[in-house]
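Observations on the three-dimensional arrangement
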Amino acid sequence: MTLQKQVLIWAASFAVLVFGLWLLSPILLPFLAGFVLAYFLDPIADRLQKWGFSRLTAALLIVVVALVVVVTSLVVFVPMLADQVGRFAGELPALIQSLSARLNAWAPSWMKDAVNNSGTDIQASITQFAGNAADWILSVLKTLLSGGLALVNLVSLLVVTPIVAFYMLVDWDRMLDAIDSCVPRDYVDTVRELGRDVNSAMAGFIRGQGTVCLLLGIFYAAGLTFAGLKFGLAIGLLAGALTFIPYAGAMTGGVLAIGVALVQFWPDYWSIGLVVGVFAVGQFLEGNFLSPKLVGKSIGLHPVWLMFALFAFGYVFGFVGLLLAVPMAAAAGVLVRFALRQYLSSRLYLGADDTEGPPVPVELIEAPPKSIENRPA
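For the structure given in this document, a descriptive report is provided here. (Residues numbered from 1 in each chain as written. Predicted model: local features only at pLDDT ≥ 70, side-chain atom pairs only at ≥ 80, totals over all residues. Heavy atoms only, no water.)

A look at the packing of aromatic side chains
Two numbers describe a pair of aromatic rings. These are the distance of the centres and the angle of the planes. Selection criterion: A pair of aromatic rings is counted whenever rings of Phe, Tyr or Trp (Trp by its six-membered ring) have centres within 6.5 Å, and the orientation is called stacked for planes under 30 degrees apart, edge-to-face for over 60 and tilted otherwise.
One pass over the full model with this rule turns up seven aromatic pairs. Taken together, a centroid distance of 5.9 Å and an interplanar angle of 55° make the contact between phenylalanine 219 and tyrosine 220 tilted. Summarising the aromatic geometry, the rings of phenylalanine 284 and phenylalanine 289 are spaced 5.9 Å apart at their centres and angled 70° between planes, so their arrangement reads as edge-to-face. Through a chain of ring-to-ring contacts, three or more aromatic side chains come together here, namely Phe35, Tyr39 and Trp172.

Okay, structure coming up:
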């Protein structure tokens, strides 16, 4: 079979896969969530196997513990979180107006004169913006918490996802062996190497960065709640969840927390400083301990490429696309780097008459560290 036919076959297969995902995206959420959960927890199952547990027992133990944690969180924290988000949306216009008035009192006279001379009604604009933001938050909450489809999705997540995760954990190694056996033998070494690179990038982000987000979310929520900040639980968890985008979590959570603290605590400098200190300590822990230990120096995903992937997949596939964005972006990054290395060593780059050519600067192509595992990922 010629190279052109092979490329056409693989391109057609990829197109069919994308079309199938788009067509089935409304029902894929619990299955993708189960797959992501199994991928996240697979190292724990491997560790339990080394301690003498069978794969079936290890998978069952992991899923049961995960279910207990999730159900406990739903019972204890979700009602508090929903209450704080609802109250925050209701009080947002008043908070923004109070913060605007306080900032206006601190503003220098030349800035006030410039605003007054511009003829713009800043206060009316801020009031309108705050009202629109509050209405948007409330509409999103109503959409998430109402409707039969939302109930079906919630039930499917709570019932189907653990079942999918359990079977994935049990059959993970056999599934990888089956995929490896289907790879054309002429290219099996190349595909295995690419699979290990994809696994390294995905593991660094999904497992490493996911753990960082979880730990920082718990730290921010606990610290802000201890500081007595209104809506501290909601703001802290939001800051932790957005940590997967570099600097987004600290910036978003910090702006919200400090803004609320200025309105709530002023002129209590100690309480305001305590809120600022929570985010300062969180950034110190992330930069010096959590990210270096759990994520590593490089996961092969540029922040801009990551944000583009999240927007693009979220736009095409909805919430399911957000689950697909990171692994697909990691896989695409590995494939692009591989294609670039192939191009730099090809006649198209070196020239038809210069098959030897100068040494290819492949070290300039950043790639994630390879996994030490020999099996394909």
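Examining the environment of lysine 293
Quick note on the threshold: Under the scheme used here, helices are H or I runs from DSSP no shorter than 4 residues and strands are E runs no shorter than 2 residues, and both carry numbers assigned from the N terminus.
Counting through the fold element by element, lysine 293 comes out in helix 9 (residues 269–295). Separated by 81 residues in the primary sequence, lysine 293 and valine 212 have C-alpha atoms spaced 9.8 Å apart.

Considerations on helix 10 (residues 303–317)
Just so we agree on the cut-off: Residue count minus one, scaled by 1.5 Å, sets the expected span of a helix. Buried means the residue's accessible area, taken with a 1.4 Å probe over protein chains only, is under 20% of the maximum for its type, while exposed means over 50%, and partly exposed covers the values in between. Comment: arc refers to directions from the helix axis out to C-beta atoms.
Here helix 10 contains 15 residues, and its C-alpha end-to-end distance of 21 Å stays within 8% of the 21 Å for a straight helix at 1.5 Å per residue. If you check which residues of helix 10 are buried, you get Leu306, Ala309, Leu310 and Phe317. An end-on view of helix 10 places all buried positions within 100° of arc, on one side of the element. Opposite the buried face of helix 10, by more than 90 degrees, sit the exposed residues Val304, Phe308, Phe311 and Tyr315. Looking one or two residues beyond helix 10, the residue adopting positive phi is glycine 318, at roughly 75°.

Describing unusual backbone geometry
You will see that phenylalanine 231, though not glycine, has its phi angle at about 60°, which is positive. Of note, phenylalanine 231 is situated in the loop between helix 6 (188–226) and helix 7 (232–241).

Comments concerning helix 6
Going by this rule: Bend angle per residue: angle between axes fitted to the 7 residues ending at that residue and the 7 residues starting there.
An ideal rise of 1.5 Å per residue puts 57 Å on 39 residues; helix 6 measures up with 55 Å between its terminal C-alpha atoms. Approximately 30° is the largest bend angle found in helix 6, and it occurs at alanine 203. Just past helix 6, the residue glycine 228 takes up positive phi, approximately 85°.

Considering the pattern of salt bridges
Put simply, the test is: The rule for a salt bridge is simple: a side-chain nitrogen of Lys or Arg has to be within 4 Å of a carboxyl oxygen of Asp or Glu.
This structure, assessed with the given rule, holds four salt bridges. Arginine 174 serves as the salt-bridge partner of aspartate 171, at 2.2 Å between the closest nitrogen and oxygen. Placement of the pair is aspartate 171 and arginine 174 together in helix 5 (residues 148–182), with a separation of three residues, close to one helical turn. Since its relative accessible area comes to 29%, aspartate 171 is described here as partly exposed. Among the charged side chains, a network of salt bridges with common partners joins Asp42, Asp46 and Arg55.

Some words on the packing of helix 6 against helix 7
What counts is decided by this rule: Axis geometry follows a simple rule: fit a line to the C-alpha atoms, using only the stretch in contact for helices, then measure angles between N-to-C directions, giving values from 0 to 180 degrees. Orientation labels follow simple angle bins: below 35 degrees gives roughly parallel, above 145 gives roughly antiparallel, 65 to 115 gives roughly perpendicular, and whatever is left gives oblique. The crossing is said to be left-handed when, going from far helix to near helix, the turn is anticlockwise and less than a right angle, and right-handed when the turn is clockwise. Only heavy atoms matter for contacts: two residues are in contact if any of them lie within 4.5 Å across the pair. When residues are sorted by character, Ala, Val, Leu, Ile, Met, Phe, Trp, Tyr, Cys and Pro go into the nonpolar class, Asp, Glu, Lys and Arg into the charged class, and all the rest, Gly among them, into the polar class.
The contact between helix 6 and helix 7 brings their axes to 7 Å, and the two run at 155°. Between helix 6 and helix 7, the angle falls in the class roughly antiparallel. Crossing of helix 6 against helix 7: the hand is right-handed. Packed against helix 6, whose contacting residues are Cys213, Leu216, Gly217, Tyr220, Ala221, Leu224 and Thr225, the element helix 7 presents Gly232, Leu233, Ile235, Gly236, Leu237, Ala239, Gly240 and Ala241 at the interface. Residue composition of the contact of helix 6 with helix 7, grouped by class: 10 nonpolar, five polar and no charged.

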